[in-house]
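Residues per chain, in single letters:
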Amino acid sequence: MFKKPTFIICLFFALCSFFGKADAFAAKPSAIYQLQIFQLSNKDQETRLDAYLKNAYLPALHRFGIKSVGVFKTVEKDSAANLLYVFVPFKNLNELSKLSQVLEKDVDYLNNGKDFINAAYNNAPYLRMQSIILDAFAGMPNFAVPNLTSPKSERIYELRNYESATAKIGLNKIDMFNKYEIGIFSKLDFNAVFYGQVISGPKMPDLIYLTTYNNMADHEAKWKAFGAAYNKVNKLPQYQNNVSHITSTFLRPTEYSDL
């Protein structure tokens, strides 16, 4: 005869194992994302950066095991600052920390990217760059490849930053996403690539997400539908005043982007 408490515990873990939920009490790991933003001052820098990313950096990441890397350019270019964005998904921070060591030993990467890597101080391949590190939301713990049918040259990707007044208020906005907004975006086929909390970056507290569309008309139609669905959620008292500033940037994927 089993003692009753022992039997109950054994039965619980047996059921968890059967349904593939043995980690029922463990938090599911979320991905870590790196968003690199390059500021370019002229067409020559853009050409050199494209060559480096296409021929050296992305192939090296693929060899490292990261199969889907996003490279995007702003739709409307500012004459004073042309921006290029690189999105790299990692399983965890440990994988991110290993990358630089791997690249230092990757002969193909070093050879194919030598113009960029060994650029002289007076012939730099970019004006400035920043690296933002994000922790994926619990509501979408891993990135997704967008399911779009239009040519890459027609696609519109919208990168949005939501800044909050304090860290606690920022977590309140993330809770709002996890409980409501991600579900609305998914139902309306916004084809989100990622949602992430900035854990290291120039603007904090901050969250960033990327949604994608076949074209601008698709974008406008989906946001109109979102407004109607979001109206009730936006009026919930527990989520008032949780965003202090929103920045929206329209992007297009490069022809060599994986996303």
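Reading guide: rules and limits
Residue indices begin from 1 for each chain and proceed along its sequence in written order. The predicted origin of the model limits local features to residues at a pLDDT of at least 70 and limits the giving and counting of side-chain atom pairs to 80 or more, whereas totals for whole chains, interfaces and linings rest on all residues. Side-chain measures here rest on the full set of heavy atoms in the structure, leaving out hydrogens and waters. DSSP calls a pair of strands paired once it identifies at least 2 bridges connecting them. The numbering of helices and of strands both runs from the N terminus, where a helix is a DSSP run of H or I of at least 4 residues and a strand a run of E of at least 2. For helices, the fitted line uses only the C-alpha atoms of the stretch in contact; every axis is such a line through C-alpha atoms, and the angle between N-to-C directions lies from 0 to 180 degrees. We call two residues contacting when some pair of their heavy atoms lies within 4.5 Å. The cut-offs work like this: below 35 degrees is roughly parallel, past 145 is roughly antiparallel, 65 to 115 is roughly perpendicular, and the gaps in between are oblique. Handedness of each helix crossing follows the sense of rotation of the near helix against the far helix: counterclockwise by less than a right angle gives left-handed, clockwise gives right-handed. The residue classification treats Ala, Val, Leu, Ile, Met, Phe, Trp, Tyr, Cys and Pro as nonpolar and Asp, Glu, Lys and Arg as charged. All others, Gly included, are polar. To sort residues, take the accessible area from a 1.4 Å probe on protein chains only and compare it with the maximum for the residue type: under 20% means buried, over 50% means exposed, and anything in between is partly exposed. Within 3.5 Å is the distance limit for a polar contact, defined as a pair of N or O atoms, with the added protein rule that one can donate a hydrogen and the other accept it, and that residues adjacent in sequence qualify only through two side-chain atoms.

**Student:** Requested: an account of the sheet that holds strand β4 (residues 128–136), with residues and values cited.
**Tutor:** Read around the closed barrel, the eight strands follow the order β1-β3-β2-β8-β5-β7-β6-β4; overall the barrel is antiparallel. On average, each strand axis in the sheet is inclined to that of its neighbour by 35°, with strand direction left out of account. Across four bridges, strand β2 (residues 70–74) lies against strand β3 (residues 82–90) in antiparallel orientation. Bridge pairing in β3 links Lys73 to Leu84. Against the sheet, helix α6 (residues 167–187) touches β5 (156–163), β6 (194–200) and β7 (206–213), its axis set at about 15° to β7. Against the sheet, helix α7 (residues 216–234) touches β5, β7 and β8 (245–253), its axis set at about 120° to β7.

**Student:** Lay out the packing of α6 against α7 with the relevant residues and their values.
**Tutor:** Between α6 and α7, the least distance of the axes is 10 Å, while the angle of their chain directions is 135°. On the basis of the axis angle, α6 is oblique to α7. Between α6 and α7 lies a crossing whose hand is right-handed. Within the contact between the two elements, α6 uses Lys173, Met176, Tyr180, Glu181, Ile184 and Phe185 and α7 uses Trp223, Phe226, Ala229, Tyr230, Val233 and Asn234. Considered class by class, the residues forming the contact of α6 with α7 number nine nonpolar, one polar and two charged.

**Student:** Got a sec to walk through the environment of Ser164? Specific residues and values, please.
**Tutor:** Counting through the fold element by element, Ser164 comes out in the loop between β5 and α6. Among the residues examined, Ser164 registers a relative accessible area of 8% and is labelled buried. With 78 residues separating them in the primary sequence, Ser164 and Asn242 have C-alpha atoms 5.9 Å apart. Contact partners of Ser164, with chain neighbours within four places excluded, come to Ile169, Gly170, Lys173, Pro205, Asn242, Val243 and Ser244.

**Student:** Describe in detail the side chain of Gln34, supporting the description with residues and values.
**Tutor:** Relative to the helices and strands, Gln34 is located in strand β1 (residues 32–40). Within the local environment of Gln34, its side chain forms a polar contact with the side chain of Ser131, the two groups lying 2.9 Å apart. Not counting the four nearest positions on each side in its chain, Gln34 is found in contact with Tyr57, Val86, Phe87, Val88, Phe90, Leu96, Ser131, Ile132 and Ile133.

**Student:** Before we move on, can you summarise the packing of helix α2 (residues 43–64) against helix α3 (residues 93–104) with the specific residues and values?
**Tutor:** Interaxial distance between α2 and α3 falls to 11 Å at its minimum, and their mutual angle equals 120°. Handedness of the crossing formed by α2 with α3: right-handed. Contacts from Tyr57, Ala60, Leu61 and Phe64 in α2 reach Glu95, Lys98, Leu99, Val102 and Leu103 in α3. Across the contact of α2 with α3, the residue classes tally to seven nonpolar, no polar and two charged.

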